[in-house]
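# Coordinate analysis (summary)
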Amino acid sequence: MLIEPVQAELFPAETPGPVGRRGNVRVGTCSWTDPSLIKAKTFYPRGCSSAEQRLVYYASQFPLVEVDSSFFALPEPLHAQLWAQRTPANFVFNVKAFRLLTGHQTPPQVFPPDIKPHLPPLTGRKKNYYYADLPGDLRDELWRRFILALAPLKDAGKLRAVHFQFAPWVTDEPAWRAHVEHCVERMAGHLLAVEFRNQTWLNDRQAGNTLAWERELGVVHVVVDEPQGVGNYAQGVWAVTNPQLAVVRLHGRNAETWTGKGTTASSERFNYEYSDGELEELAGRIDSLADEVFDLQVLVNVNFEDQGIRAARKLARIMKDFEPPNGQPSGGGNQKPAASDLGG
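From a predicted model like this one, the values you see are computed outputs, not experimental measurements.

Criteria and cut-off values
Residues numbered from 1 in each chain as written. Predicted model: local features only at pLDDT ≥ 70, side-chain atom pairs only at ≥ 80, totals over all residues. Heavy atoms only, no water. Helix = DSSP H or I, 4+ residues; strand = E, 2+ residues; numbered from the N terminus. Buried < 20%, exposed > 50% of the residue type's maximum accessible area, 1.4 Å probe, protein only. Phe/Tyr/Trp six-rings, centres within 6.5 Å; stacked < 30°, edge-to-face > 60°. Lys NZ or Arg CZ within 6 Å of the ring centre and 35° of its normal. Core = buried A, V, L, I, M, F, W, Y, C linked by side-chain atoms within 4.5 Å. Contact = heavy atoms within 4.5 Å. Salt bridge = Lys/Arg side-chain N within 4 Å of Asp/Glu carboxyl O. Axes fitted to C-alpha atoms, helices over the stretch in contact; angles between N-to-C directions. Parallel < 35°, antiparallel > 145°, perpendicular 65-115°, else oblique. Left-handed = near helix turned anticlockwise from the far one by under 90°. Nonpolar A, V, L, I, M, F, W, Y, C, P; charged D, E, K, R; others polar.

### Some points on unusual backbone geometry
Of note in this structure, lysine 41 is not a glycine but carries a positive phi near 60°. Its identity is not glycine, yet glutamate 305 carries a phi of approximately 55°, on the positive side. In this fold, glutamate 305 is placed in the loop between strand S8 (295-300) and helix H10 (307-320). Given a relative accessible area of 37%, glutamate 305 falls into the partly exposed group.

### Comments concerning the packing of aromatic side chains
Taken as a whole, this structure holds 21 aromatic pairs when the rule is applied. Their ring planes at 90° and their centres at 5.0 Å tell us that phenylalanine 71 and phenylalanine 72 sit as a pair that is edge-to-face. A residue is classified by how much of its surface remains accessible, and phenylalanine 71, at 9% relative accessible area, is buried. Judged by its relative accessible area of 44%, phenylalanine 72 is partly exposed. Ring plane angle 85° and centroid distance 6.2 Å describe the contact between phenylalanine 98 and phenylalanine 111, whose orientation is recorded as edge-to-face. Of this pair, phenylalanine 98 sits in the loop between strand S3 (92-96) and helix H5 (136-155) while phenylalanine 111 sits in the loop between S3 and H5; the two residues are 13 residues apart in sequence, bridging distant segments of the chain. Grouped by ring-pair contacts, the aromatic residues Trp32, Phe43, Tyr44, Tyr57, Tyr58, Phe62, Trp83, Phe91 and Phe93 constitute a single cluster. Sitting over the face of the ring of phenylalanine 71, lysine 96 holds its NZ or CZ atom 4.8 Å from the ring centroid. One Lys or Arg, arginine 177, reaches over the ring of tryptophan 213 and ends 4.3 Å from the middle of that ring.

### Describing the nonpolar core
Most often, soluble globular proteins have nonpolar side chains that are buried together. With 85 residues, the main nonpolar core has Phe164 and Leu296 as its most contacted residues. In terms of residue count, the dominant contributor to this core is H10 (seven residues). Setting aside residues up to four positions removed in sequence, leucine 296 forms contacts with Asn24, Val25, Arg26, Ala246, Val248, Ile286, Leu289 and Ala290.

### Remarks on the pattern of salt bridges
Taken as a whole and assessed by the stated rule, the structure comprises 20 salt bridges. One salt bridge in this structure joins glutamate 66 and arginine 249, with 2.7 Å as the shortest N-O distance. With glutamate 66 in strand S2 (residues 64-67) and arginine 249 in strand S7 (residues 245-250), the pair connects residues that are 183 residues apart, well separated along the chain. Each member of the pair, glutamate 66 as well as arginine 249, is classed as buried. Glutamate 281 is the partner of arginine 253 in a salt bridge, and the nearest nitrogen-oxygen pair spans 3.8 Å. A residue pair is termed long-range when its members are at least 10 positions apart, and arginine 253 in the loop between S7 and helix H8 (266-269) and glutamate 281 in helix H9 (residues 276-290) qualify at 28 residues. With relative accessibility at 29%, the residue arginine 253 sits in the partly exposed group. A residue is classified by how much of its surface remains accessible, and glutamate 281, at 37% relative accessible area, is partly exposed. Overlapping salt bridges, with partners in common, bring together Glu66, Glu195, Arg197, Glu226 and Arg249 in one network.

### Observations regarding the packing of H9 against H10
Put simply, H9 and H10 touch, their axes get as near as 10 Å, and they point 55° apart. Judged on the interaxial angle alone, H10 and H9 are oblique. Here H9 runs over H10; the crossing is right-handed. Between H9 and H10, the contacting residues are Asp276, Leu279, Glu280, Ala283, Ile286 and Asp287 on the first element and Ala311, Lys314, Leu315, Ile318 and Met319 on the second. Class assignment of the residues belonging to the contact of H9 with H10 gives a composition of seven nonpolar, no polar and four charged.

As far as function goes, none of this settles anything; it's purely spatial.
Below, the structure written as structure tokens:
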């Protein structure tokens, strides 16, 4: 059944608060504009059809969201300014880094129009650019524009982290390690959440070294829940590398579609219905991890129709059961960690 029409001005002025024993767990999804979600017509109220209305409504239901459109094309400062204006003061964003910066293939058409004429010609049968293909001045300009686009959210205090999801072929070898460190240097002044897609980083032999290195860099290790043993997969290592923040991303466990072969949309690849039992198990692990950080984010990335919305709502309700009977956080959810605990 379709949801009855709702006027944007009737949405709550505040977004739902954090949950959990420490009052420091925010649960949300990895997009509010996924075509499959919009087409399903089960989440947004009838008549809630503009970009503004959808974000306003989403922010009345969840305390955070991840911006994924910035992966596919560089955002504009105006976009971030509007996102900041359309959300309550206590709503926060994570923004995904532009694909070229994270080692992904980048087709010519996604570059800004005034950049395209300056791109070097593609040689041979190449159809995409990679970071190393661009001259230094173009790379500098892309970094400048990406950081400039984040500024309105950062200035409004609503940018929690910049999410660097590195390509599946970014392996634990010196050249790629240097690139990750390069990204951290270029993003000085921003908190980076780092997600590796290749098993060489977090296998049983290398996980300890990778986590120690992430702590030295001051980045947030992203915990993933995803199919295991399928292609270049990353183990779901539950650990904290920066006491300011932990990020848990739930990609679903659909091994059949994980490699992306034969799929035409992300909603097909991340088509997975988390069971109540799986969410209960995840909630227990999240609760334990929340003891180690100031803030913990759970971002649900299953996105066939309203799967992510429903899973996020269920998980938030489960996490509420971890709250003390008096409803007050039991620890540091509303307390800042000591300066000595913040690290780099």
